[in-house]
Each structure stands twice: as structure tokens, then as C-alpha cells.
Amino acid sequence: MIIRVERLAYIEDGEIRIVDNAQIEIDERGHLTGVGRATSLKYSKRFRVVIPQFVNAHIHVLDLDLREYFRKMYIDDVVGVPYGVKYLYLREVEPGKVMKSARYALDIMYRTGTGEAWIVVEYGPKFIRCLSEIFDSYPIHVVPFLEPSIHHLGPWEETSEELIREVYEIASSGYNVELISPLNYSIDELKKIEDIVHSRNLEIMTHVSETSDTYLDGDLALALNILKADVLVHCTHVEDVQVLRGKCVVVTPRSNLMLVGKINTRLFENGIKIRVGTDNVGLVDPDMWSEARILARLGIDVQAIWRALFLDLYEMDVARLQIVCGAGFRWKERKFLREVLWRGRTLGRIDGSRVCMFH
Ligand SMILES: [Zn+2]
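Residues numbered from 1 in each chain as written. Predicted model: local features only at pLDDT ≥ 70, side-chain atom pairs only at ≥ 80, totals over all residues. Heavy atoms only, no water.

Participant: Describe the sheet that holds strand E9 (residues 204-208), listing the residues and the values that go with them.
Facilitator: Pairing in this open sheet of nine strands is parallel, and the strands run E12-E11-E10-E9-E8-E7-E6-E5-E13 from one edge to the other. Lying at the two open borders of the sheet, with one neighbouring strand each, are strand E12 (273-276) and strand E13 (279-280). Here strand E6 (residues 114-121) runs beside strand E7 (residues 141-146); their pairing, made up of six bridges, is parallel. Its bridge partner lying in E7, Ala-117 is registered against Val-142. Helix-sheet contacts for helix H12 (residues 302-309) involve strand E5 (54-60) and E12, and the interaxial angle to E12 is about 70°. (Pairing = 2+ DSSP bridges. Helix = DSSP H or I, 4+ residues; strand = E, 2+ residues; numbered from the N terminus. Contact = heavy atoms within 4.5 Å. Axes fitted to C-alpha atoms, helices over the stretch in contact; angles between N-to-C directions.)

Participant: Please provide a residue-by-residue account of the domain arrangement of the protein, values included.
Facilitator: Domain assignment breaks the protein into domain 1 (2-52 + 315-357) and domain 2 (54-309). In this complex, domain 1 contributes 25 residues to the contact, which on the side of domain 2 involves 26 residues. Note on domain 1 versus domain 2: buried area summed over both sides is about 2,300 Å², and carbon and sulfur give 57% of it. Interface area lost by domain 1 to domain 2 is led by Leu-341, Trp-342 and Arg-349, which between them contribute 31%. Counting across the interface, domain 1 meets domain 2 through two salt bridges. Between Asp-301 and Arg-334 there is a salt bridge, with its nearest N and O atoms 2.9 Å apart. (Domains from an automatic or database assignment. Buried area = accessible area lost by both parts, 1.4 Å probe. Salt bridge = Lys/Arg side-chain N within 4 Å of Asp/Glu carboxyl O.)

Participant: Describe the environment of Lys-228, listing the residues and the values that go with them.
Facilitator: Within the secondary structure layout, Lys-228 lies in the loop between helix H9 (219-226) and strand E10 (231-234). A sequence separation of 38 residues divides Lys-228 from Leu-190, and the C-alpha atoms of the two residues are 8.8 Å apart.

Participant: Got a sec to walk through the coordination of the zinc ion? Specific residues and values, please.
Facilitator: Taken together, His-58 (NE2), His-60 (NE2), His-207 (NE2) and Asp-279 (OD) make up the full set of protein donors to the zinc ion, lying 2.1 to 2.5 Å away. Taken together, the four donor atoms surrounding the zinc ion define angles of 91 to 158° at the centre, an arrangement classified as irregular. Each donor residue of the zinc ion lies on one chain, and together they are spaced H-x1-H-x146-H-x71-D. With His-58 in strand E5 and His-207 in strand E9, this residue pair connects regions lying 149 residues apart in the sequence. Classification of His-58 as buried rests on a relative accessible area of 0%. (Donors = N, O, S within 2.8 Å, 3.2 Å for Na, K, Ca; no water. Tetrahedral: all angles 85-135°; square planar, octahedral: opposite > 155°, others 65-115°. Buried < 20%, exposed > 50% of the residue type's maximum accessible area, 1.4 Å probe, protein only.)

In C-alpha cells, the structure reads:
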């Protein structure tokens, strides 16, 4: 399939490229085989503006039914372990009862141009089977991070063999692991989890320094030096951002603003690999356009926002592009990148060799 585009913008090795009168070639298996200036005359489709799909690098999909609580209660009383409402609810609920929430989240991600989603699954082993069916029914590349079901309240010295066994099972099944916070585990547990997960070439994600309390309690040092987490979510209160070099840091702009009142914009300025997520579906819809607009409003460098939001050509398993409404866009390259963030809207998507239009 060859698609002709008036303007194609994409990211290759971290560099943003804009090609006018471009063509995109996709083979039968759905892989991108060529991106560049138009040469052919025969096209399967024509569009005006095409850009990559988004990566939503942090989303919890099971809590839509708790939106009342997110609105009314203090953050720790909702999402804190082990007694936050979310954990009490998910511990008891039948997996089938929360699949509606997951379907809602995937559906919004699909319609708003997300191509890859790093999804946290609380009580991972309990929900993953049901969830996998939903994940498979959308052309979105889902990367699940499973949370074990055991968390301790506050500082802890002992090692729970049950926890280690559970992490072992999660990793042996090929899943990445997420811990709500390194503060909820003993040093020995963090070391064992690090070893189990990394020896299988899988990744560890954890929430870090979202509130000043957790920052002062030293969660960052535990995440970096003991757990050796690969993906650090929030880092809202991290001051010396240089220590985050070499890690992937995820910010969730709307959730950070709503729950802790600030976004750590310095993360975008220091050569740190940064990604953007939407956090709890009970709090905000997983629409990456809304996150893009907030980052643009904060005055963050447009190119840095692009690199944080979109799939790189080399990260795509199959062609993952979106057709964007470009009516009224200013065409000068630098302005164009900003226009996409300010006023972009997903009109359709290219998933492999499948094209779907929404309007
Ligand atoms: Zn989170």
C-alpha cells in the first residue's frame, strides 16, 4: 500500500522530520517499508496531514467506577496502598465487573490516536487474563506492567516469600513489573525483585516522588540504587533532575496538576528520556491531545514535547500513524509543530495496512 500525504511529520532516532508531498509505503505484513518524497503515481489513499501515533506511557485502566472518589477524596485515600479505596475495591471485585472500565479506556485511546500504551495492572495475576482479551481486540500495542498483590504499609524490614513468589510468576510469564512505590517494600525485597525482573530482560516501573512526602522519605534513591527501576513515573518533586539521566521518566500532566498541583517542567530540558502518560482513567480520560495542549501551554520546547509524545519510526512494530485534521494550520515548519499540539485532532488511523477514518 502506498499513501500520499501533503505533509508527513515523523520522528526518526529522536529527530523530528517533516516531508511535504510525501509517500508512505506499507507492506502486506503492515510494516513501514519506506517514508520519503513522493515518487510513485499510484496511490491507495491520499491525506493532508499524517503524524505518528501517541505513546501513552502510564495508564491505570481499572478505576473508571471510582470517579466519584477521585473527585472528592485526598489522593492517598483513593490510590494509596493497602487501604486506599481503589485497592479495597479491586481486591474484592470480580474481574468481569471492571472490564467495562478497561474497554472504555482502550476505546478512547483508539479514537484519539494512541498506538502504544504502557498499562499498569493492579493485582496483576488476578486481572491479566480477562484484560488480555480486551487488549488484543484493539490495534494498540499494549505493554502491560503487572503489580503484585502484596504491599506493606510504610517502612518494612522483612521479606515476604509470598511476594517474591508472585513477582517470580509474573516475570516468568513474560510480564514487566510495576511497584506502586519502593517505600512499600523492604530493601531485601527490592533487591530480589530487581534480580528476578532484570534477569529476564523485563522492565520495572514505579511511582517516584509524586508528593513531597515520598520525596523526603527517599523513594528516589531506593528506585535508582536498589530497585534500579527502568521507568520512573511522576518525579514531580525531584530537584536534581540530572540523576535521572539514563532512565525513562514519565510525567502525567493533568493528573499531576489535579493531584499535586505542579508539573516538573525541568525534566524536559535536561536531555532526559521523557514520556507522557494519562494516569488513572477514573480521574481523566486517556486522551493524549489534552496532555499535549497542557505541555504546550506551559511553554515547554515544542520539539521536546513531540519527542515525548509520539512513537519513533524505529519503535513501531507495524506502521502506526494517525491522520490529523490540519484545517487552518500554519505551514511554516516550527509553527506547524506547535499547531499540531494546539489544535490537532485525530481524524483517522493507519494501523499496519489497515486505515480507519472516524469522521
Ligand atoms: Zn500511576
